[in-house]
Amino acid sequence: MHSSNPFKNLKADFPASIVVFFVALPLCLGIALASGAPLFSGIIAGIVGGIVVGIISGSQIGVSGPAAGLAAIVFIAIGSLGFKDFLVAVVIAGVIQILFGVLKAGIIGYFFPSSVIKGMLTGIGIIIILKEIPYFFGYIPVKGEGTFAAIASTFPKISLGNTMIAVIGLGILLLWQNFLMKKAKIFQLIQGPLVAVVVGIIFYVILGDSEAFAIADKNLVNVPVPETMSSFFGQFQFPNWGAITNPEVLITGFTIALVASLETLLCVEATDKLDPLKRVTPTNRELIAQGVGNMFSGLIGGLPITQVIVRSSANIQSGGRTKMSAIIHGFFLIVSVILIPTILNKIPLSVLAAILLLVGYKLAKPSTFKSMWNAGWMQFVPFIVTIAGIVFIDLLWGIGLGLAVGIVVILYKSFQNSHFLHIEDKSNGKHKIKMTLAEEVTFFNKGAILKELDSLPRDTFLEIDVRKTHFLDNDIIEILEDFSEKARNRNIDIKLISQRGVVENPPSFIEFFQLEKSA
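Only a predicted model underlies this, so the values are computations on that prediction, with no experimental measurement involved.

Visitor: Help me understand the layout of surface pockets, please; the structure alone is not making it clear to me.
Guide: Gaps left between atoms are located by rolling a probe of water-molecule size over the structure's atoms. Of the volumes computed, that of the largest pocket is approximately 1600 Å³. Around the largest pocket, the lining is made up of 50 residues, and of these A270, I309, V310, S313 and L363 lie nearest the centre. Every element with two or more residues in the lining of the largest pocket is listed here: helix 1 (10-34), helix 5 (114-136), helix 7 (160-183), helix 9 (192-207), helix 11 (247-274), helix 13 (309-317), helix 16 (349-363) and helix 17 (366-374). The greatest single-element share of the lining of the largest pocket, amounting to 10 residues, is contributed by helix 11. Residues belonging to the lining of the largest pocket are distributed by class as follows: 27 nonpolar, 15 polar and 8 charged. Taken as a whole, the second largest pocket encloses approximately 1100 Å³ of empty space. What lines the second largest pocket is a set of 46 residues, and nearest its centre among them are L33, G36, A37, F75 and Y135. Secondary structure elements with two or more residues in the lining of the second largest pocket: helix 1, helix 2 (39-56), helix 3 (71-81), helix 5, helix 6 (147-154) and helix 18 (377-392).

Spelled out as structure tokens, the structure:
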């Protein structure tokens with residue numbers, strides 16, 4: 001197990017923190033780009049996620065930072081509210097997450113069907129891919145331009161230089177992921193995104209000013225270059241507290257809190273499975289840590305934060321042992337924006353788009369669609385409805401629609417599974433039908449049971465077996481009571497089998513089940 005001394009594992013944590021930094025830097029910039037936010041806000045979120053969340057969190061190997069899964073919400077919110085009003089929503093989200101943690105809502109993820117959660121992640125992946133297509137080909141969407149309109153505007157204005165370096169970057173990422181990382185340890189330490197970014201900078205420095213492969217300044221990363229420490233601190237933006245009463249700000253804050261909490265809890269589950277020491281992260285403490293991180297990030301101009309699977313798995317693969325690797329990577333991010341902003345400003349946005357296309361693809365893999373299809377329509381329909389809602393309306397609508405469809409499916413199955421009918425051949429001139437009731441039979445099942453009873457032919461022998469039934473709703477007992485009247489008129493004999501024994505043509509079902517309860 002890990003020691004209480006945070007520096008004991010520094011030999012393992014320090015190299016891991018360098019790898020995590022190299023993975024985090026392009027992702028911080030890329031997610032800010034996908035969110036329509038100032039690129040510096042992505043770095044701030046990475047710093048806060050590393051240092052603040054890292055210190056408070058109970059996770060030893062999880063790494064937090066700006067989340068690709070929130071990019072869709074953030075993009076819409078910034079477009080609608082403006083950046084400074086949006087920061088208020090980030091702070092509110094942090095407060096709500098702290099409340100979630102205090103109220104022990106770490107089990108919140110269990111209340112969402114897996115089909116809806118998978119649909120949410122897949123829908124987010126598709127949105128990231130759609131939003132990055134214009135940047136990949138060198139087109140910068142106009143403010144207020146919709147996702148599909150921006151894609152339509154891209155193709156007449158493809159930039160050769162931007163597209164070429166994006167394709168090269170994507171090639172490097174695929175080569176790294178599919179071949180080189182399996183070949184040697186060095187390719188796990190030096191990660192593909194970093195190599196793609198370095199190649200992008202070299203391409204821009206050598207060919208960026210040439211006529212054929214020109215890359216305009218607007219197609220480059222633009223983080224502020226501080227002349228002094230005071231100008232560095234002057235880059236931070238602060239919330240506009242006047243917007244705190246705006247209902248849209250409050251709704252955005254709640255949406256961020258809910259989705260960030262879900263994404264974090266899913267990531268915690270995944271990273272705990274990957275942890276070679278099999279430690280278990282306390283989920284309520286994690287929600288509090290994320291909440292403090294989001295409050296802090298929003299207060300100084302950063303994007304919302306979650307625990308992130310890409311960084312966390314890079315940390316584990318690189319031999320990270322304790323939370324020190326996450327904390328140190330946060331300090332590396334601070335150093336990078338102070339010492340090398342001019343180098344960062346030579347990164348083409350199309351390279352970041354290539355990195356994000358792969359992030360989006362991993363969230364929305366075709367294999368996910370296939371596995372959900374194979375799981376049957378009850379899993380596939382809520383999954384597809386969630387995706388469609390997210391892509392064509394927005395994230396909260398998508399989750400809401402998916403949940404609604406999921407509940408309808410549950411009700412339908414409950415309607416179907418209330419009882420089991422077994423029809424035997426005629427005996428003594430009567431049809432013999434056996435109806436076995438489920439363990440729980442509620443008012444949802446009224447329609448199904450009523451339909452079966454009403455469709456019984458005359459001259460039937462009906463056996464009702466309630467031995468496995470632990471809960472029988474009063475509505476169902478009343479249906480049976482009413483049916484016993486009709487049964488006499490249709491020459492239907494009823495045999496009731498319960499734990500207490502067998503009763504032929506009970507005079508009153510209500511009295512029988514009252515006695516059953518009191519027994």
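Visitor: I tried to follow the environment of K434 on my own but got confused; where do I start?
Guide: Residue placement: K434 occurs in strand 4 (residues 430-437). In this structure the C-alpha to C-alpha distance between K434 and L25, which are 409 residues apart in sequence, comes to 67 Å.

Visitor: What is the right way to look at the packing of aromatic side chains in this model?
Guide: Any two aromatic rings considered together are summarised by their centre-to-centre distance and by the angle between their planes. Overall, the coordinates contain 16 aromatic pairs when judged by the stated rule. With centroids separated by 5.4 Å and ring planes inclined at 70°, the aromatic side chains of F40 and F236 adopt a geometry described as edge-to-face. Within this pair, whereas F40 is found in helix 2, its partner F236 is found in the loop between helix 10 (229-233) and helix 11, the two being separated by 196 residues in sequence. Assessed through its relative accessible area of 6%, F40 is described here as buried. For F236, a relative accessible area of 17% corresponds to the buried category.

Visitor: Can you help me understand the pattern of salt bridges in this one?
Guide: Once the charged atoms of two side chains with opposite charge are near each other, the side chains can pair. The full count for this structure, using the stated rule, is 5 salt bridges. For E463, the salt bridge is made with K495, and the minimal N-O distance between the two is 3.8 Å. You can see E463 sitting in strand 6 (residues 460-465) and its partner K495 sitting in strand 8 (residues 493-498), a full 32 residues away along the chain. As far as burial versus exposure is concerned, E463 and K495 are alike and both buried. One salt bridge connects R467 with D465, and the closest N-O pair in it is separated by 2.7 Å. Residue classification places D465 among the buried positions, given a relative accessible area of 7%.

What counts, and where the lines are drawn
Residues numbered from 1 in each chain as written. Predicted model: local features only at pLDDT ≥ 70, side-chain atom pairs only at ≥ 80, totals over all residues. Heavy atoms only, no water. 1 Å grid on protein atoms, 1.4 Å probe; cavity = no way out; pocket = protein on both sides within 12 Å on 5 of 7 lines; lining within 4 Å. Points joined across faces, edges and corners; volume = space filled by probe spheres on them. Helix = DSSP H or I, 4+ residues; strand = E, 2+ residues; numbered from the N terminus. Nonpolar A, V, L, I, M, F, W, Y, C, P; charged D, E, K, R; others polar. Phe/Tyr/Trp six-rings, centres within 6.5 Å; stacked < 30°, edge-to-face > 60°. Buried < 20%, exposed > 50% of the residue type's maximum accessible area, 1.4 Å probe, protein only. Salt bridge = Lys/Arg side-chain N within 4 Å of Asp/Glu carboxyl O.

In short, shape yes, function no, at least from these values alone.
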